[in-house]
Amino acid sequence: MSALQFGASLEGSFVPVDACSVAKEFPDDDDDDFEDACESIPPQPTTVMDLETSLVEANLALDYFFNNRFDEARNILKPWASTSMYHSVGASVFACLEATLTFDPQHIVDAASALKMCLTVCNRHRRKVTISETIGKTFKRPNYESYTAVEAHAELCAAEALLMRAMITFIEDETLTSLIKGGMKIRTCFGSYKECSLLLNRVKWPSENTRLHFQSGVHVGVGGFNLMISLLPGRVIRLLEFIGFSGNKEVGMRELMAGYHLKGIRQVLCVIGLLGYHLIVRYVLGHKEGDLAFCDEILEEQLVTYPDGVCFLFFKGRLEFMRGNLEEAAHWYKKSWKSQNVWPQFHHVCFWELLWINCLRQQWREALLYATNLLDGSRWSRTIYTYQKAAILMMIPEDELTPDERRSIEFLMRDAPLHKQRIAGKSIPLEKFVVKKCERYLAQGRFLLLAAVELMFIWNMFKILGRHFHLADGFLKLIDKVTADDKMPKTKFDADNRALAHLLKGACLKQMKSPLQALKHFEAVVAMHKDIKEDTYLIPFAIVEIGLIYADQGKRDSAIMALEDAKKNFTGYSLESRLHFRIHLALTDLRSSQPQKDS
């Protein structure tokens, strides 16, 4: 008998069938998750914890976690991880953090095992459905009013577990198959969050507390997905919409704000999402600034609750960095770094920021210390960290380098390409850029023009120079000094080097509030398009800078035209995807603003 015939014969009956049986009878994209969750399910535990108590304990563990009291948080979660869904999700977060921070194979296996258990626990608490109900769900919505609070929370926790499982899929096997499988898991998770948003106002909640904590989870899930998808370039969004995703920035921000204003268990995740958007995304990918006053308000509250929390100490440092308060920023980053030693990977995030603070001050020796720490300690990208150290060494005047340091530059340049990674069969864009630069260093007779300053431009660090005229002026003088005729070796890449110098000068002058002079340098880059041999990325990057100057001047139509030119008429250059993120965000801002005729 087919599944359809069997379901039809049961029409009107209410024989309960668990989620595992249904999943196997009606396979979908996420069979492996259901099967993982259903294999060897242990018998129902004799001791269970009620939902209210598990929420209280999970909230306490969360407070411990964000105050760096990691062992105490683990001690709350671990004993109940096989029976309570909130304890199981919490234990899975710990395991996934270790896996993503260390990339250690054993930690990845442990995380996958924790998530398998988590899905088992969630499925045990999820609503039992009949075969006929499963078939009927294709044609009409289920009866959400009949869900219990426990069943609703189980759906939410399962969505969170599935999202973490997708992340682990990406890092445990870097093949195209795993990339597709991870994407399908995320699609299922996205659908689960939408289901939870429908459950929110239909379940008969036994207490305001159980509703509040569920609501905060809906806000962070729906808000996070909408915001992340809205940041992707248009061509990616169109593909995602075709397979069932959709994203709206305004909806995402509204949901995260609503979650921030609720005192639910997941409020802190909404806070991190908002801080990440305003303090990182807007500055790495965007043209406009984040809402720094709002971030200050959030952090003032969070640092009262979590005075020793590595996460919020870091964000406080980032806030001061974006304000241009470099001394204050360094103070908070060091405080974050020294606040805990359980996860040294958090130290590396602070080292990264401290490296750029010192580069902005042209304190190359100090920056070199952090570059060395990252190269020696981090497993993120050895190719990038190796090149970064060499680039900073090259900024130190030749007569101040030791013989070992001079030899080290060449060794690092030859070593960096050897560690290039491939994910799903493709190289990481920034690593490909670095490999080309290492080849250029050797082809130009062991010379590379302003390598560290070029990296600063790529990471959008020049925005901070705008806070300090003297710092921007210092870089302008450095560029003039290094590019003087007697300093520049004559090679077949002369046009590439001169174009890079123009781009960097224009970026400095833009931050020094000299847009007309900046435009001349950016236009000089575009005019050299026929002579540039390898660094073709300079041309679309310069056009984007021209468009952003027009945007600052209120010339909306001219700005959109320049950005569309860079988006549509150039392809195949280094860091193309990075630039498309910036273009997308700039165009979104411009098109959401009031039309204004160019003067």
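As a starting point, this report considers the structure included with it.

**Brief notes about the packing of aromatic side chains**
The tally for this structure, following the rule as stated, stands at 32 aromatic pairs. Ring centres of Trp337 and Phe351 lie 4.9 Å apart, and the angle between their planes is 85 degrees; this geometry places the pair in the edge-to-face category. One end of the pair, Trp337, is in helix 17 (residues 326-337); the other, Phe351, is in helix 18 (residues 345-360), with 14 residues separating them in the sequence. Relative accessible area serves as the criterion here: at 22%, Trp337 is assigned to the partly exposed category.

**Quick word on the pattern of salt bridges**
Throughout the structure, instances matching the rule amount to 31 salt bridges. Across the pair Glu410 and Arg446 runs a salt bridge whose closest N-O atoms are separated by 2.7 Å. Remark: Arg446 occurs in the loop between helix 22 (429-443) and helix 23 (451-458) and Glu410 occurs in helix 21 (residues 403-415); sequence separation between them is 36 residues. Of the residues examined, Arg446 reaches a relative accessible area of 45% and is grouped as partly exposed.

**Considering the packing of helix 25 (residues 469-482) against helix 26 (residues 494-511)**
Taken N-terminus to C-terminus, the directions of helix 25 and helix 26 make an angle of 160 degrees; their axes are 9 Å apart at the nearest point. Between helix 25 and helix 26, the crossing angle belongs to the class labelled roughly antiparallel. As for how helix 25 packs across helix 26, the hand of that crossing is left-handed. Note on element contacts: helix 26 touches helix 25 through Ala501, Leu504, Lys505, Cys508 and Leu509, opposite Ala472, Phe475, Leu476, Ile479 and Asp480. A breakdown of the residues in the contact of helix 25 with helix 26 according to their chemical character gives eight nonpolar, no polar and two charged.

**Things to note about a negative patch on the surface**
Together, Asp291, Glu297, Glu300 and Glu301 make up a negatively charged patch on the protein surface. One can find Glu301 in helix 15 (residues 292-305).

**Some thoughts on the nonpolar core**
Membership of the largest hydrophobic core comes to 144 residues, with the highest contact counts inside it found for Phe321, Trp356 and Tyr387. With ten residues, the single largest contributor to this core is helix 28 (residues 538-552). Excluding its chain neighbours within four sequence positions, the residues that come into contact with Tyr387 are Met413, Ala416, Val434, Lys437, Cys438, Leu448, Ala451, Glu454 and Leu455.

**As for helix 5 (residues 70-77)**
Three or more residues of helix 5 are buried, namely Phe70, Ala73, Ile76 and Leu77. Along helix 5, the residues classed as buried sweep out an arc of 125 degrees about the axis, all on the same side. Residues of helix 5 that are exposed and point over 90 degrees away from its buried face: Asp71 and Asn75.

**Focus: the packing of helix 17 against helix 18**
Look at helix 17 against helix 18: their axes get within 9 Å of each other, and the N-to-C directions meet at 160 degrees. Here helix 17 lies roughly antiparallel to helix 18, going by the angle between them. The two elements helix 17 and helix 18 cross, and the hand of that crossing is left-handed. Taking contact as the criterion, the partners of Leu326, Ala329, Ala330, Tyr333, Lys334, Ser336 and Trp337 in helix 17 are, on helix 18, His347, Cys350, Phe351, Glu353, Leu354, Ile357 and Leu360. Grouping the constituent residues of the contact of helix 17 with helix 18 by class yields ten nonpolar, two polar and two charged.

**Some details on the side chain of His287**
Structurally, His287 can be placed in the loop between helix 14 (267-284) and helix 15. According to the relative accessible area criterion, His287 is buried, its value standing at 18%. Within polar-contact distance, the side chain of His287 engages the side chain of Asp552 at 2.8 Å. Each residue touching His287, except ones within four places of it in the same chain, is listed here: Arg282, Lys463, Lys510, Leu548, Ala551 and Asp552.

**Some thoughts on the state of the cysteines**
One pass over the full model with this rule turns up zero disulfides. Between Cys122, a cysteine without a disulfide, and Cys118, which holds the nearest cysteine sulfur, the sulfur-to-sulfur distance is 4.2 Å. The exposure class of Cys122 is buried, given its relative accessible area of 0%. Left without a disulfide partner, Cys196 is nearest to the cysteine sulfur of Cys157, which lies 9.0 Å away. Of the residues examined, Cys196 reaches a relative accessible area of 0% and is grouped as buried.

**Here's the deal with the environment of Thr53**
Positionally, Thr53 belongs in helix 4 (residues 51-66). Residue class for Thr53 comes out partly exposed when judged on its relative accessible area of 32%.

**Thoughts on a positive patch on the surface**
Together, Lys420, Arg422, Lys432 and Lys436 make up a positively charged patch on the protein surface. Note on placement: Lys420 falls in the loop between helix 21 and strand 1 (422-423). On the basis of relative accessible area, Lys420 is assigned to the partly exposed category, the value being 36%.

**Regarding the environment of Leu55**
Inspection of the secondary structure assignment puts Leu55 in helix 4. By relative accessible area, Leu55 is classed as buried at 1%. Expressed as a C-alpha distance, the spacing of Leu55 and Met85, which sit 30 residues apart in the sequence, is 9.7 Å. Residues within four places of Leu55 in sequence aside, it is in contact with Tyr86, His153, Thr210, His213 and Ile265.

**Describing helix 27 (residues 515-527)**
Between the first and last C-alpha of helix 27 there are 18 Å, a value that for 13 residues agrees with the 18 Å anticipated at 1.5 Å per step. Residues Ala518, Leu519, His521, Phe522, Ala524 and Val525 constitute the buried set of helix 27. Buried residues along helix 27 sit against helix 26 and helix 28.

About the thresholds
- Residues numbered from 1 in each chain as written.
- Predicted model: local features only at pLDDT ≥ 70, side-chain atom pairs only at ≥ 80, totals over all residues.
- Heavy atoms only, no water.
- Phe/Tyr/Trp six-rings, centres within 6.5 Å; stacked < 30°, edge-to-face > 60°.
- Helix = DSSP H or I, 4+ residues; strand = E, 2+ residues; numbered from the N terminus.
- Buried < 20%, exposed > 50% of the residue type's maximum accessible area, 1.4 Å probe, protein only.
- Salt bridge = Lys/Arg side-chain N within 4 Å of Asp/Glu carboxyl O.
- Axes fitted to C-alpha atoms, helices over the stretch in contact; angles between N-to-C directions.
- Parallel < 35°, antiparallel > 145°, perpendicular 65-115°, else oblique.
- Left-handed = near helix turned anticlockwise from the far one by under 90°.
- Contact = heavy atoms within 4.5 Å.
- Nonpolar A, V, L, I, M, F, W, Y, C, P; charged D, E, K, R; others polar.
- Patch = residues over 30% accessible without salt bridge, like charges linked within 9 Å, V, L, I, M, F, W, Y side chains within 5 Å.
- Areas by Shrake-Rupley, 256 points an atom, 1.4 Å probe, with all protein chains shown as cover.
- Lys, Arg positive; Asp, Glu negative; His and termini not counted.
- Charge placed at Lys NZ, Arg CZ, Asp CG, Glu CD.
- Core = buried A, V, L, I, M, F, W, Y, C linked by side-chain atoms within 4.5 Å.
- Arc of directions from axis to C-beta.
- Polar contact = N/O pair within 3.5 Å; in protein donor to acceptor, adjacent residues only side chain to side chain.
- Disulfide = S-S within 2.5 Å.
- Expected span 1.5 Å × (residues − 1).

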